[in-house]
2 protein chains.
Amino acid sequence: MAFPLAPLLMKLQMVSTSDHGSVVSMNLFVALLCACIVIGHLLEENRWMNESITALVIGLCTGVVILLFSGGKNSHILVFSEDLFFIYLLPPIIFNAGFQVKKKQFFRNFMTITLFGAVGTLISFVIISLGARELFKKLDVGSLDVGDYLALGAIFSATDSVCTLQVLNQDETPLLYSLVFGEGVVNDATSVVLFNAIQSFDLSHISTSIVLQFVGNFLYLFVTSTMLGVITGLLSAFIIKKLYIGRHSTDREVALMILMAYLSYMLAELFYLSGILTVFFCGIVMSHYTWHNVTESSRVTTKHAFATLSFIAEIFIFLYVGMDALDIEKWRFVRSSPGKSVGVSSVLLGLVLVGRAASVFPLSSLSNLFKKSPHEKIHFKQQITIWWAGLMRGAVSMALAYNQFTRSGHTQLRGNAIMITSTITVVLFSTVVFGLLTKPLVRLLLPQKPLSSIVISEPSSPKSFTTPLLENGQHDSEADLGRPIIPRPTSLRMLLSTPSHTVHHYWRKFDDRFMRPVFGGRGFVPFVPGSPTERSVHQRLSEEN
Amino acid sequence: MAFPLAPLLMKLQMVSTSDHGSVVSMNLFVALLCACIVIGHLLEENRWMNESITALVIGLCTGVVILLFSGGKNSHILVFSEDLFFIYLLPPIIFNAGFQVKKKQFFRNFMTITLFGAVGTLISFVIISLGARELFKKLDVGSLDVGDYLALGAIFSATDSVCTLQVLNQDETPLLYSLVFGEGVVNDATSVVLFNAIQSFDLSHISTSIVLQFVGNFLYLFVTSTMLGVITGLLSAFIIKKLYIGRHSTDREVALMILMAYLSYMLAELFYLSGILTVFFCGIVMSHYTWHNVTESSRVTTKHAFATLSFIAEIFIFLYVGMDALDIEKWRFVRSSPGKSVGVSSVLLGLVLVGRAASVFPLSSLSNLFKKSPHEKIHFKQQITIWWAGLMRGAVSMALAYNQFTRSGHTQLRGNAIMITSTITVVLFSTVVFGLLTKPLVRLLLPQKPLSSIVISEPSSPKSFTTPLLENGQHDSEADLGRPIIPRPTSLRMLLSTPSHTVHHYWRKFDDRFMRPVFGGRGFVPFVPGSPTERSVHQRLSEEN
């Protein structure tokens, strides 16, 4: 990946030809971002739409308008750049995900999430790679080697669950939300790791030792990336706690949190680790420790500033993908044989559907085997929702496809050109068509009324006895309130959930005795006692976590 | 100016050679930014240092270390890019300046500020241009044409008052602060406009009509840029007020404010106006209307997020200038004749001192002529402080010098190379040496004790009768409290200040009757009545403005 900071900008100056043209496109783009926000707000109540699809459609429409104005020659106002995506747009989204995630739910379902995210992605990868190699033979799509097929597998295993998450509600369906959400993060990381491994390993002769090496490499990346994120997060907590005691300065704190978060991502890239995983865990640690060490204003500011950055980056990506899709140069090769491109896209879409099904349903059954309580099992309707949530393909697929198929110049080879256009087709089709159907489907499968009685009771009942262990004593009243809602006998379930109970218990003990005194965190930072603002804002914000 | 968005990034990918090298430099840079924040915090109590100098010194040290490690070959980790500066770093700083400025003080001193910022800069420009042409003849600095000398005048008229503003206190010396601050903004705009005018006008034969055209162009730019900023700000206020009534969404609001602010800057660039002026006035309008239309959380978030962005951008710039200064390539030409470079730098520094003196002292006297109250006059000690405040040269000078003298390749001509290194020398010397002397000088000229009795009484006394006009009725109690502090008879002063009084009165009437009902603003947005947080945060924040 290239990093477009100053040394590259210098080169850039020499190659840039139409300066004012860039100002025009930048203006257009920022104005369109504003339009997306306003229109997205107006369509919020709509039955089908969500913000992502709005941005994508606006981007497409703009592309069409530009194409018409330029007389069918050019819609080249923006060309998708994987650098822009991986260096500037993805980190804030993933960091914010870690920062805002409900940590209890996430860690309780950690094994299931890893199963779906890592093993599920591998299953999809194998099915799509093998399927593409078999089916493309009949279509005559130009020269693709084994590395290209494996890359296709990695490209189309990268799900984009933004649409689904905009529809699912973290409070109404916490289990489903945390599964889909957590799987999305692990899936992104797995796909990127897989993709990099494919590009770096020698694939001409695949042997058992190479496969083992591959698995070892994957585990190494997973553990080290996580550790790096945790260490950076703890370091930020430590610095802010040690230095700012008593004399808080909001701007410095916020700046330090933003910079340390970004540093964690860049450090991971420096050591060839997975920046996505690192920045995700950095976000989790920062929300658990650092966030409690800063002033009240900093707490409000970081919470909303991170969410806003993530929001802008998301809209940016969808608008970007939409505007780039109509770039006329890419479609030049396809025009001569439109049927072939449709064929390839359909094959890939079919493989995506099958690969996802082949990973979700068996793995759900496997996960259910280990859960003895019927309320922790993943029901069939929930399985369908999880399956559906991973059908959309988004910016990660685009970025990886560009990396693989545009290396030597701009889609010069016919095979490469078809792969790029097919990726765009799959991304557009899956996001728009599958995305539009998501809201109605979720409403059909998980109806609002029964849902609030069935699904809510499920995670709130473990909460009723795990809360005292997870929280400080001050929140006991909340847990007591939760109990009367569930009339079932809790003794059996108490026993069944003992393992996670025990782990949580020891973690909490460790956290209270060793971690919090050093790194701060809720209850370990002195507050201004008399301030009503302090208390009310603090409580409200911390309860949301 | 080139705008490095996607189309350029595509080109970039092809020219980038060492990807991982960029990751290394990016890591180093972000880590250094963190270090600057922490060290700046630790040195806060120090008598001499401030954050800017810390960043500059850290940048220089890093440059030295890299130079040693690379065996004297290269410190090329970061090369100053005017695009990065003008497109990404300057807008947040100027916008935040407008957003946080005390509007009353700023507008009361508007004429004096414009006098210093516009006329003063022109005087400096003329003196430095003429002086350089006369004195450089004796030094034999290579081929420079009349355009180059005029550009030098514009480059070294651009002050950088960040150092001074870090030392002056807005509450203790409000008159001085608003003069230095306001002058800085107008000065930046004037220099950039001058510079662009020099590059676009035909300078081979200067006639009266060209000078008139030039002045007309300047006034046109000033007025249209201001109008554009005001209109964009009002539009943002209108959109947020109309759309978000009742159902506020913090992330959308904050995103819209950030994007609209940036849009105002880019629109100004699109129409070849002064983006600096536009985004400054957009900030003022947004803090007067838009900021009151958003939720409480958005208010806290925007206030601190803008300040943080500006803070990071400032440190970034100084670190950047420091690291770039040791780039070995630029000094190659100088090595052969070090005396010449020192001579040129000394001449330029001398011209800066003289040019600044020739504008500040006469213009202060001129301004004092129109002020009849002795408390509104600028005393000699204050004049020295203003003179000193404008001696530092910073990133704007660097950016303009790069634009003028590196156009064809990288400082190929000997004259150009000497100009670049001299600019770096002047920037470093003035920032570090003059910057280090600022704190002691200000303490010497404006001692804390007498200052709080002399200077504070001066602006708080007009406040005692203008406040009811400037504020809604709800703040009358504050104004009443102010009155008993001043024992002087107010009748004469009341009469003398009538002009500004009257303008304020009619503006307030107009604002209350026409503007606020449409665009919102303090007192025109319904609050949640019972919320103590709402009230306390709102009051605290709005009192700061």
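Residues numbered from 1 in each chain as written. Chains lettered and ligands numbered in written order. Predicted model: local features only at pLDDT ≥ 70, side-chain atom pairs only at ≥ 80, totals over all residues. Heavy atoms only, no water.

Some words on the overall build of chain A
Then, number 1: The number of helices and strands found in chain A is 24 helices and zero strands.
Then, number 2: Expressed as a percentage of the 545 residues in chain A, the buried residues total 61%.
Then, number 3: Long-range contacts, defined as pairs at least 24 residues apart, comprise 84% of the intrachain contacts of chain A with a sequence gap of at least 6. (Helix = DSSP H or I, 4+ residues; strand = E, 2+ residues; numbered from the N terminus. Buried < 20%, exposed > 50% of the residue type's maximum accessible area, 1.4 Å probe, protein only. Contact = heavy atoms within 4.5 Å.)

Quick notes on unusual backbone geometry
Then, number 1: One non-glycine residue with positive phi stands out, namely A:Tyr272, at about 55°.
Then, number 2: By the element assignment, A:Tyr272 lies in the loop between helix H11 (250-270) and helix H12 (275-293).

A look at the confidence of the model for chain A
Residue and element names in this part refer to chain A.
Then, number 1: The share of residues in chain A with pLDDT of 70 or more is 77%, and the mean pLDDT across the chain is 76.
Then, number 2: Below a pLDDT of 50 lies the segment residues 527-545, which in the model reaches 37 contacts outside its immediate sequence neighbourhood of four places, other chains included.
Then, number 3: For this predicted complex, the interface confidence reaches an ipTM of 0.79, while the overall pTM sits at 0.80. (pLDDT = per-residue confidence, 0-100.)

Remarks on helix H17 (residues 395-405) of chain B
All names here are of chain B.
Then, number 1: Counting buried positions over the eleven residues of H17 gives eleven, a clear majority of the element.
Then, number 2: Of all the residues in H17, the buried ones are Ala-395, Val-396, Ser-397, Met-398, Ala-399, Leu-400, Ala-401, Tyr-402, Asn-403, Gln-404 and Phe-405.
Then, number 3: Summarising the contacts, the buried residues of H17 are in contact with helix H4 (82-100), helix H7 (146-155), helix H9 (174-200), helix H13 (296-325) and helix H18 (414-445).

Digging into the packing of aromatic side chains
Then, number 1: Counted by the stated rule, this structure contains 48 aromatic pairs over all chains.
Then, number 2: An angle of 65° between the planes, with centres 6.1 Å apart, marks the rings of A:Trp387 and A:Trp388 as edge-to-face. Each member of the pair A:Trp387 and A:Trp388 is classed as buried.
Then, number 3: Ring geometry for B:Phe361 against B:Trp387: centres 6.4 Å apart, planes inclined by 40°, an arrangement best described as tilted. One end of the pair, B:Phe361, is in helix H15 (residues 338-370); the other, B:Trp387, is in helix H16 (residues 380-389), and 26 residues separate them in sequence.
Then, number 4: Relative accessible area serves as the criterion here: at 22%, B:Phe361 is assigned to the partly exposed category.
Then, number 5: An aromatic cluster is defined as three or more aromatic residues linked by ring pairs; in this entry it consists of A:Phe106, A:Phe107, A:Phe110, A:Tyr177, A:Phe181, A:Phe280 and A:Phe281.
Then, number 6: The cationic tip of A:Arg299 hangs over the ring face of A:Trp291; the distance from NZ or CZ to the ring centre is 5.9 Å. (Phe/Tyr/Trp six-rings, centres within 6.5 Å; stacked < 30°, edge-to-face > 60°. Lys NZ or Arg CZ within 6 Å of the ring centre and 35° of its normal.)

Description of the pattern of salt bridges
All names here are of chain A.
Then, number 1: Across all of its chains, the model carries ten salt bridges over all chains by this definition.
Then, number 2: The shortest N-O distance in the salt bridge between Arg-356 and Glu-183 comes to 2.7 Å. Linking Arg-356 in helix H15 (residues 338-370) with Glu-183 in helix H9 (residues 174-200), this pair joins segments that are 173 residues apart in sequence.
Then, number 3: Look at Arg-356 and you get buried, because its relative accessible area is 5%.
Then, number 4: Note on Glu-183: relative accessible area 4%, which makes it buried.
Then, number 5: Residue Arg-516 pairs with Asp-512 through a salt bridge whose shortest N-O separation is 3.6 Å. (Salt bridge = Lys/Arg side-chain N within 4 Å of Asp/Glu carboxyl O.)

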